[in-house]
Each structure stands twice: as structure tokens, then as C-alpha cells.
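If you want the building blocks of each chain, they are given just below.
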Amino acid sequence: MPELPTGDVNILKEKKDFDIAGDHGLMLADAECLRIIYEVLSELDLGDFVIKINHRRLLDGLFSACNVPSDKFVSACSSVDKLDKIPWEDVRRELCEDRGLSPEAADKIGSYVQLTGGLDLVERLESDEHLNNQPSAKAALQEMRLLLDYCKALGIEERISFDLSLARGLDYYTGVIYEAVLKGFTYNPSNSGAELTGSNETNLNSVKNKKSSKKDKKAKEQLEEDSVTPGESMTVGSVAGGGRYDGLVGMFDSSGTRVPCVGFSFGVERLLAIKEALSNSSDKNKCNVRPTETEVMVAGAHKGLIMQRLQCCQLLWNAKIKYCESTGIPLAVVLGESELARNTVKLRDIETREEYEVLYTDLVNKIKEVLSTKYHK
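Residues numbered from 1 in each chain as written. Predicted model: local features only at pLDDT ≥ 70, side-chain atom pairs only at ≥ 80, totals over all residues. Heavy atoms only, no water.

Student: So what's going on with the overall build of the chain? Which residues, and what values?
Tutor: Looking only at helices and strands, one finds 14 helices and 15 strands in the chain. In the chain, which comprises 377 residues, the proportion classed as buried is 45%. In the chain, of all internal contacts separated by at least 6 residues, the share reaching a separation of at least 24 is 68%. Surface exposure of the chain reaches about 19,600 Å², of which carbon and sulfur atoms provide 48%. (Helix = DSSP H or I, 4+ residues; strand = E, 2+ residues; numbered from the N terminus. Buried < 20%, exposed > 50% of the residue type's maximum accessible area, 1.4 Å probe, protein only. Contact = heavy atoms within 4.5 Å. Areas by Shrake-Rupley, 256 points an atom, 1.4 Å probe, with all protein chains shown as cover.)

Student: For the packing of helix α7 (residues 119-126) against helix α9 (residues 135-153), give the residues involved together with the corresponding values.
Tutor: Where α7 meets α9, the closest approach of the two axes is 10 Å, and the angle between their N-to-C directions is 165°. Judged by the inter-axis angle, α7 sits roughly antiparallel to α9. Considering how the two elements wind past one another, α7 and α9 form a crossing that is left-handed. Taking contact as the criterion, the partners of Leu119, Val122, Glu123, Leu125 and Glu126 in α7 are, on α9, Leu141, Met144, Arg145, Leu148 and Asp149. Residue composition of the contact of α7 with α9, by class: six nonpolar, no polar and four charged. (Axes fitted to C-alpha atoms, helices over the stretch in contact; angles between N-to-C directions. Parallel < 35°, antiparallel > 145°, perpendicular 65-115°, else oblique. Left-handed = near helix turned anticlockwise from the far one by under 90°. Nonpolar A, V, L, I, M, F, W, Y, C, P; charged D, E, K, R; others polar.)

Student: Help me get a handle on the packing of helix α2 (residues 28-44) against α9, residues and values and all.
Tutor: One way to put it is that α2 packs onto α9 with a least axis distance of 9 Å and a crossing angle of 45°. For the element pair α2 / α9, the angle class is oblique. The interaxial crossing formed by α2 with α9 has right-handed handedness. On the side of α2, the interface is formed by Leu28, Asp30, Ala31 and Leu34, while α9 contributes Leu147, Tyr150 and Cys151.

Student: Please set out helix α6 (residues 103-113) residue by residue, giving values where relevant.
Tutor: Of the positions making up α6, those classed as buried are Ala105, Ala106, Ile109, Gly110, Tyr112 and Val113. Down the axis, α6 shows its buried residues gathered within 165° of arc, on one side only. Tucked inside the fold, the buried residues of α6 contact α3 (56-65), α4 (73-80), α5 (88-97), α7 and α8 (129-132). (Arc of directions from axis to C-beta.)

Student: Before we move on, could you go through α2 and cite the residues and values that matter?
Tutor: Between its first and last C-alpha, α2 extends 25 Å over 17 residues, near the 24 Å set by a 1.5 Å rise per residue. Residues of α2 that are buried include every one of Ala29, Asp30, Ala31, Cys33, Leu34, Ile37, Tyr38 and Leu41, and no others. Positive phi shows up at aspartate 45, right after α2, with a value of about 55°. (Expected span 1.5 Å × (residues − 1).)

Student: Could you give an account of unusual backbone geometry, with specific residues and numbers?
Tutor: The backbone of methionine 27 sits at a positive phi, close to 70°, despite the residue not being glycine. One non-glycine residue with positive phi stands out, namely asparagine 67, at about 65°. Position of asparagine 67 among the secondary structure elements: in the loop between α3 and α4. Owing to a relative accessible area of 55%, asparagine 67 belongs among the exposed residues under this scheme.

Student: Help me get a handle on the sheet that holds strand β12 (residues 296-300), residues and values and all.
Tutor: Read from one edge of the open sheet, four strands run β12-β13-β14-β15, paired in mixed fashion. Every interior strand has two partners, whereas the edge strands, β12 and β15 (355-359), have only one. Neighbouring strand axes in the sheet, compared pairwise and without regard to direction, differ in orientation by 30° on average. Pairing between β12 and strand β13 (residues 331-335): five bridges, direction parallel. Paired with valine 298 across the bridge in β13 is valine 333. Sheet strands in contact with helix α12 (residues 306-318) are β12 and β13, and its direction is about 165° off that of β12. (Pairing = 2+ DSSP bridges.)

Student: Let's hear about the confidence of the model for the chain: which residues, and what values?
Tutor: Across the chain, pLDDT averages 77, with 73% of residues at or above 70. When the criterion is pLDDT under 50, residues 1-12 qualifies, and its contacts beyond four places in sequence or with other chains add up to 23 contacts. Low pLDDT, under 50, characterises residues 189-234; the stretch is placed with 86 contacts to residues that sit more than four places away or in other chains. (pLDDT = per-residue confidence, 0-100.)

Student: Describe the nonpolar core, and please don't skip the residues or the numbers.
Tutor: Ranked by internal contacts, the top residues of the largest apolar core, which has 67 residues, are Ile51, Ile53, Phe63, Ile109, Phe162 and Tyr178. The next biggest cluster of nonpolar side chains, apart from the first, holds 18 residues, and it includes Leu335, Leu347, Val364 and Leu371. (Core = buried A, V, L, I, M, F, W, Y, C linked by side-chain atoms within 4.5 Å.)

Student: Explain the side chain of serine 79 residue by residue, including any values.
Tutor: With respect to the secondary-structure elements, serine 79 resides in helix α4. The class for serine 79 is buried, based on a relative accessible area of 1%. Setting aside anything within four residues of it in sequence, one finds serine 79 in contact with Val91, Glu94, Leu95 and Arg99.

This is the structure:
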């Protein structure tokens, strides 16, 4: 596992993006993005996760129905977005005291933004008389229904949560917004060891920064990003997020051409920290991290045999099988003089020490068979 960088904060904030541009049919590209997030987090095997979704235009209609002045929309959304970190009572107080909303408006907002669900929530909101008077909300609910239908068809509906408290980035997005959250961890940014805690109360020690000034700087950045009180533990937060931003590209085009776009980014530093924390935990089975993608090691049972080893590497290379004369890989091809005389090699399973004597001409097929049955399930 590569060590997390401990210096430049810009490196610690690194993200990896995926975007789809162009008109590909209503909600199809949006659903594909959600499927990709699902696949990546499932493959990383970091535990239980949920992908929260909401819609910018639905929130427009919702806040309008709650009599929120348009000039207070962004600030009110900023408060609502804290619901995953602080109780509704604190959010309500902030809406009234800091954002200048009336108690009646705040209570109306609270009746909506604490709701989560799936198609059942869409149906409930479609029957809401206040939202029915908001054209933007009605159109958004139709899109959310279609998106949830696509998620069901893609087999990811159990990870999708229609969450009305999701409200960040609203001056940037124009349609669906979403974020992926790991459910099994909490994070205490004031802890010098950047401690991650699993749902089973086991402490998972992540990377420890070497210089206290850098630790403090990173902790401060994290606190500012997640808006929590120093000393308090919080959920790890979103590890991926994004949405539809149909108006952004046109801002950089002199002709103002509208280009439909949807995309997301992964928070690489958080994913690496969690992955490394799991790899350092007592339960190694939860995070079996290999330092290389190499699948087969080519070795000689005797000194020499360099030419034969190179020829074997070339055979595997041509078959697109990754090889290396290193460790930490699942299979090894061992060349011996007696085996070569019989036109065979030994294929060894590094973990079980099981060996197969294989005809040289059958080596590629045997490797693919073992990898597919034991390691690529």
C-alpha cells in the first residue's frame, strides 16, 4: 500500500474525476455515473456505503414552497446540508438566527429535508399539494422517478437513497446531485493520529504525519471542509460526489453553446486513508492489499536459465498476463532443467503452495484458469 503524502495539502485534497458530456438521453448518463461509483466502492471493499441523491430543481421548488426568499436560497441550503453532522434543532436555529428565516419557514423546511427513501418518497412528494404548485419541483420529480427506475434496472437500487437534505454545490449544479458515503467509520480530525473508528468500535490507525505542524494544518483543513466542532468525532463523510452541470461548459465558450454534462469525483486521500487504516487493523481479511497488480512471477529453480525465463515472460506478456520477478503476487512459474527437458514448467500457488506441472504450450490457459477460479471471483 503506498504511503499517504504528508506534505502539500493540495496533494492531500487530490480528486479523480469522471465526466460524460453530450446529450445521451434523459437520466441515462446520470444513472451510468451512479453505477460506476457503485462498482468502484464495491471493488474497494471498504464496507457498507450509500449513494445519496437529490435534485437541484426540486430544492428550488421546495424552498419556494416554504416561502424562502430567493436571495437566501444558497445560505439556507448551506445550513440544511449540515443535517448529516448536527441535529435538526441546531439547523433550525441556524436558519432562523443566522440566515434570517422565519420560524414558520424553517418548520416547513424541516418537514421536507428530514425525509429519505426511494420511489416511495417520489410518490409522496408528487402528491404534495404545495410542491404541485411548483413547476420546477414537478419536473424534477419526474426525472428522479426515471433515475430510480434506471438504478433498479442496473441492480444498484439497494445502495441508493433519495435524501432531501443533500444540498451542496447548488450554485454549480443544474440537475441531479449525489454523494457516496461510507457508513462504517467515524473520524476525529483533532486526533494527532487521524484515527478512524469502525462500527465495531475497533480503532483503526491510519497514516501518522511526522510533523505536528503538518498534522495541525491537515486537521484544520478537514475541520473547515466538514464543519464540525474540534474534538468531536464525525462520520468520514462523502468519498465521492457530483451531479449534472449543464451550464458550466458554456461559460467558457464565446458562443455560449449549452453542453449537457454530468460527472463526479472520488476523494482519493480519504479512500487511501481508509484503505490503509483497514490494512493496519487486526482484521487483515477485511483489506487484503497487494503492493502490485502483478499476477505471475517467473523464477528459475537453478542458476542461469535467463534466456528461458525471458522467453516465458514474453509468452505471458503476449497473453496480456502481468508478470514480474518480485514478491506479493498470487502465482509463480518455476523453470527447472528437468521440467524444461520434458517441455513443462511448474505453476505454484504462492498462498497454498500447491503446484501444477503444466505443458509449456498449456501454460497461458492454466494461468487464466487458476486466476479466474481463485482470484477473480
